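Fold and geometry: a report
These are the residues of each chain, in order.
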Amino acid sequence: MGNINTASSVRYLPGVGEKRAATLANMGIYTIRDLLYHFPRAYQHRGDVRLLGEMDDGDTASFILTVASQPRTATLKNRMTLTKFTAVDESGMCNITFFNQNYVSKIFNVGEDYRFWGKLSRKGNTLSLNSPSFEPCVEGKPLPEFFPIYPLSGSLTQKYMAKIIAAALEVAKKDKMPDILPYGIVEEHSIPSLNFCLCAIHNPSSYEMLEAARKRFIWEELYTFALAISMSKNKTKEGNAPVFAKVDMEEFYSVFPFDPTGAQRRVIAEAENDMCNKSGVGMSRLICGDVGSGKTMCAAACMFMAVRNGYQCALMAPTEILATQHYNDLGVIFAKLGIRCELLCGSTTAAQKRVIKKSLKDGSIDCIIGTHALLTKDVEFKAPGLIITDEQHRFGVMQRAALGDKGKGSHILVMSATPIPRTLALIMYGDLSLSYIDEMPPGRKKVSTFTVDESYRERMNGFIEKQSLEGRQTYIVCPAIDSEEDEGLVGLDYDPEKEKNTPKLKNATEYAENLQKLMPKVKVALMHGKMKPKEKDEVMAAFAKGEIDVLVSTTVIEVGVNVPNATLMIVENAERFGLSQLHQLRGRVGRGQHKSWCILVSDTGNPVSAARLEVMTKTNDGLEISKKDLELRGPGDFLPDKSGSARQHGGFSFKVASFCDNTGHLERAFEYAQKTLADDPLLQKIENLPAKALVTGYFGIISNAVN
């Protein structure tokens, strides 16, 4: 492979041509280092070997079997070939079948032992494994405990990804990658070398090895995150923001459809004081409040102040559905006040985009509401005065900074529907002032919450049907998209003790199909993260219009549209979700005039998980729930998503640190980051250059803060 190193393009690896390089680029993988940090999303725990006789139909597991008959290959009518033989263990016999893999007939010989991995089929007394993975058992050569499963895209396969990552690991062995972690963290927490941990996370031979790797990459991500947050704070301390004059807010309140609560008036007054501060230091405020507490009204009031002072404002939402909802809600109100408001999203036509961008630049648009489409370079403001981001768990801190850069010196307002505990908010949001909306608007009904196990299934299905007959709608949330997503897999947070008595995951695809068969008169629809944005929007729009009775979904509905007619939220495998996430999901119902319920379904045998779920049944106070979540789960539940998907420009997706269960780790990461920056504010010292490269690579916009 010549003189390539980890900074080289993936094109230099054998087997990576132009097309595959393009596919990898779509996943955020450009260099060999990027590939090394493309961690498995889960592992097949092949070291957990089971006996044939103890498994049920459909179970996925690992089996050590002895080949009992010589493979035979037959050609089927459709020209497919079938290779079949039998294999045994001490508990029984199993038919092994491969389709269109004739070569396997030359691999297996009678009397040889292999480790097979696959889904067992049981029909009567006949057991079968169709196209299982296999590895020969060789004396003195232990088989790996875990087999990595990577996030994929396009035509890439697990076999291909494992092959090129193995090649990348060989490059890493020769090219010693610099350690971004300060010596203090490495020493304090006994963190193994980077090369060891890269090998361990891709090919762990034991749980202990995987845990050692996890520890390093948790610290890497937390430290990098802390550096970026700490550096971005410097940008908000300049005193060049516009100083607003106070305006008559009664004009605004008079056109709003309901009177503000005392908490809303307090929060608006806090924001007003910030923006009218004669020092010129811009407002940097975080508004926390439960779903439905009225954060949008507070944001709209601030937008009104900005426009009446002759400035423009922008509100960025994480999804097109939410941006459109904001526009539909606020556009009418602003029109009554003579304020011109427009919507800019990915689906906005090219002609409309040209008009909107021109009008923003010449100042004829007062307010713009949109998605990350607002971040494109050609979106310019004439007189930016206020930048608002609706967090909803989705924006990276640097995406906020990227929008803020468009309105340098603007006031910044951030809305979060997760009431974040003050200690965590101070760490994550730094010098943002905090405002809590701790009062719900009158008329908002409490959602009754219950936890049930599988024995309640029939009664629960009857309740779903009853809600439909009464004209109400139901959300059902499953943790997995399809059955292959979790079959026999364990995640990066694998712990043998936690895996005991873990219920099998319900998947949305199978659930929707079965429910529709069970209730043919009920209109059931499916929505999940693998669908195209347009498809998801269409499903959500149909649900909002009442054309769908039951929406079976993954957590993509967490930031869905407002559906007042939805009265029932069912969360399957509820133990798999954080309390804050469950609270978010519960907030999808109880928005209308009808009584609403949230049912948390869990068969967990883990007493800690059961105690967590009990918290949901006792309180609807989001701040109280988030404090308990932080106490029980650690900060990971509040950090960006755990999907391991490609990084968005200006965003940060935690791959490993999102599993962190120690709040102290996040606090220490910030202490180390601040210590580093106190000594080297521009990260120019040799030992800090790797960290600087990583921060600028992840966040892009941060380079403006350090150059």
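In this text the structure is predicted, and so the values were computed from the model without any measurement. (Residues numbered from 1 in each chain as written. Predicted model: local features only at pLDDT ≥ 70, side-chain atom pairs only at ≥ 80, totals over all residues. Heavy atoms only, no water.)

Remarks on the overall build of the protein chain
Counting secondary structure elements, the protein chain contains 23 helices and 23 strands. Restricting to contacts in the protein chain with at least 6 residues of sequence separation, those with at least 24 account for 75%. With an accessible surface of roughly 31200 Å², the protein chain has 50% of that area assigned to carbon and sulfur atoms. (Helix = DSSP H or I, 4+ residues; strand = E, 2+ residues; numbered from the N terminus. Contact = heavy atoms within 4.5 Å. Areas by Shrake-Rupley, 256 points an atom, 1.4 Å probe, with all protein chains shown as cover.)

Details of the pattern of salt bridges
Inspection of every chain in the model, using the stated rule, returns 25 salt bridges. Glu342 is the partner of Arg340 in a salt bridge, and the nearest nitrogen-oxygen pair spans 3.3 Å. Residue class for Arg340 comes out partly exposed when judged on its relative accessible area of 29%. Note that Lys361 is salt-bridged to Glu380, the shortest N-O span being 3.7 Å. (Salt bridge = Lys/Arg side-chain N within 4 Å of Asp/Glu carboxyl O. Buried < 20%, exposed > 50% of the residue type's maximum accessible area, 1.4 Å probe, protein only.)

Observations concerning the environment of Lys382
Here Lys382 is to be found in the loop between strand E13 (367-370) and strand E14 (384-390). Expressed as a C-alpha distance, the spacing of Lys382 and Tyr311, which sit 71 residues apart in the sequence, is 8.5 Å. When sequence neighbours within four positions are dropped, the list of residues in contact with Lys382 reads Gln312, Leu360, Lys361, Asp362 and Gly363.

Let's talk about the packing of aromatic side chains
Here the structure, examined in full by the defined rule, presents 21 aromatic pairs. Note on Phe252 and Phe256: the rings are 5.2 Å apart at their centroids and 45° apart in plane angle, and the pair reads as tilted. Each member of the pair Phe252 and Phe256 is classed as buried. By the ring-pair criterion, three or more aromatic residues cluster together here, those being Phe85, Phe98, Phe108, Tyr114, Phe116 and Phe134. Against the face of Tyr160 rests Arg20, its NZ or CZ located 4.1 Å from the ring centre. Here Arg46 stacks its cationic end above the ring of Phe147, 3.8 Å away from the centre of that ring. (Phe/Tyr/Trp six-rings, centres within 6.5 Å; stacked < 30°, edge-to-face > 60°. Lys NZ or Arg CZ within 6 Å of the ring centre and 35° of its normal.)

Some points on the sheet that holds strand E23 (residues 597-601)
Pairing is parallel in the open sheet, where 6 strands are placed in the order E17-E23-E22-E18-E21-E20. Since the sheet does not close on itself, it has two edges, and those belong to strand E17 (448-452) and strand E20 (524-527), each with one partner. Averaged over all pairs of adjacent strands, the angle between their axes in this sheet comes to 20°, without regard to strand direction. Sheet topology places strand E18 (residues 473-477) next to strand E22 (residues 566-571); 5 bridges connect them, and they run parallel. Bridge pairing in E22 places Val477 opposite Val571. (Pairing = 2+ DSSP bridges. Axes fitted to C-alpha atoms, helices over the stretch in contact; angles between N-to-C directions.)

A look at the layout of surface pockets
Of the pockets and cavities examined, the second largest pocket occupies roughly 1000 Å³. In this structure, the second largest pocket is lined by 42 residues; those nearest its centre are Thr296, Gln325, Asp329, Asn562 and Arg591. When residues of the lining of the second largest pocket are traced back to their parent elements, those giving at least two are helix H9 (295-308), helix H10 (320-336) and helix H17 (533-544). Take the lining of the second largest pocket: its biggest share by element is 10 residues, from H10. Here the residues of the lining of the second largest pocket sort into 17 nonpolar, 15 polar and 10 charged. (1 Å grid on protein atoms, 1.4 Å probe; cavity = no way out; pocket = protein on both sides within 12 Å on 5 of 7 lines; lining within 4 Å. Points joined across faces, edges and corners; volume = space filled by probe spheres on them. Nonpolar A, V, L, I, M, F, W, Y, C, P; charged D, E, K, R; others polar.)

Some words on helix H19 (residues 607-618)
A rise of 1.5 Å per residue sets the reference length of H19, with its 12 residues, at 16 Å; its end C-alpha atoms lie 17 Å apart and thus fit the reference within 8%. When we look at burial in H19, the residues that qualify are Ser609, Arg612, Leu613, Val615 and Met616. Projection of H19 onto a plane perpendicular to its axis shows the buried side chains occupying an angular sector of 140°, all on one side. Facing away from the buried side of H19 by over 90 degrees, the exposed positions are Pro607 and Lys618. (Expected span 1.5 Å × (residues − 1). Arc of directions from axis to C-beta.)

Regarding the sheet that holds strand E1 (residues 42-44)
Sheet architecture is open: 3 strands sit in the order E9-E1-E19, paired in antiparallel fashion. The open sheet has two edge strands with one neighbour each: strand E9 (147-149) and strand E19 (489-490). Note: E1 against E19, 2 bridges, orientation antiparallel. Its bridge partner lying in E19, Gln44 is registered against Leu489.

Observations regarding the packing of helix H18 (residues 579-586) against H19
One can describe the packing of H18 onto H19 by two numbers: an axis separation of 10 Å at closest approach and a directional angle of 35°. Crossing handedness for the pair H18 and H19: right-handed. Packed against H18, whose contacting residues are Leu579, Leu582, His583 and Arg586, the element H19 presents Arg612, Leu613, Val615 and Met616 at the interface. Its residues assigned to classes, the contact of H18 with H19 shows 5 nonpolar, 1 polar and 2 charged. (Left-handed = near helix turned anticlockwise from the far one by under 90°.)

Comments concerning the state of the cysteines
On inspection of all chains with the given rule, the structure shows 0 disulfides. Cysteine Cys341 is unpaired, with the sulfur of Cys367 as its nearest cysteine sulfur at 5.3 Å. (Disulfide = S-S within 2.5 Å.)

Some points on the packing of helix H8 (residues 262-275) against H9
In contact at an axis separation of 10 Å, H8 and H9 are set at 35° when each is read in the N-to-C sense. Judged by the twist between their axes, the crossing of H8 over H9 is right-handed. Residues Gln264, Val267, Ile268, Ala271, Glu272 and Met275 of H8 pack against Met297, Cys298, Ala301, Cys302 and Met305 of H9. Classifying every residue of the contact of H8 with H9 by side-chain character gives 9 nonpolar, 1 polar and 1 charged.

Observations regarding the environment of Arg216
Position of Arg216 relative to the elements: it lies in helix H6 (residues 207-233). The buried category is assigned to Arg216, whose relative accessible area is 1%. Aside from chain neighbours lying at most four places away, what touches Arg216 is Asp179, Leu181, Val186, Ile191, Pro192, Ser193, Leu194 and Cys197.

Side note on the confidence of the model for the protein chain
Confidence along the protein chain averages 86 in pLDDT terms, with 89% of residues attaining 70 or more. Every residue in residues 701-707 is under pLDDT 50, and counting partners more than four places away or in other chains gives 21 contacts. (pLDDT = per-residue confidence, 0-100.)

Thoughts on the side chain of Thr97
As for its position among the elements, Thr97 is in strand E5 (residues 92-99). The residues contacting Thr97, other than those within four sequence positions of it, are Leu82, Thr83, Lys84, Leu129, Asn130, Ser131 and Pro132.

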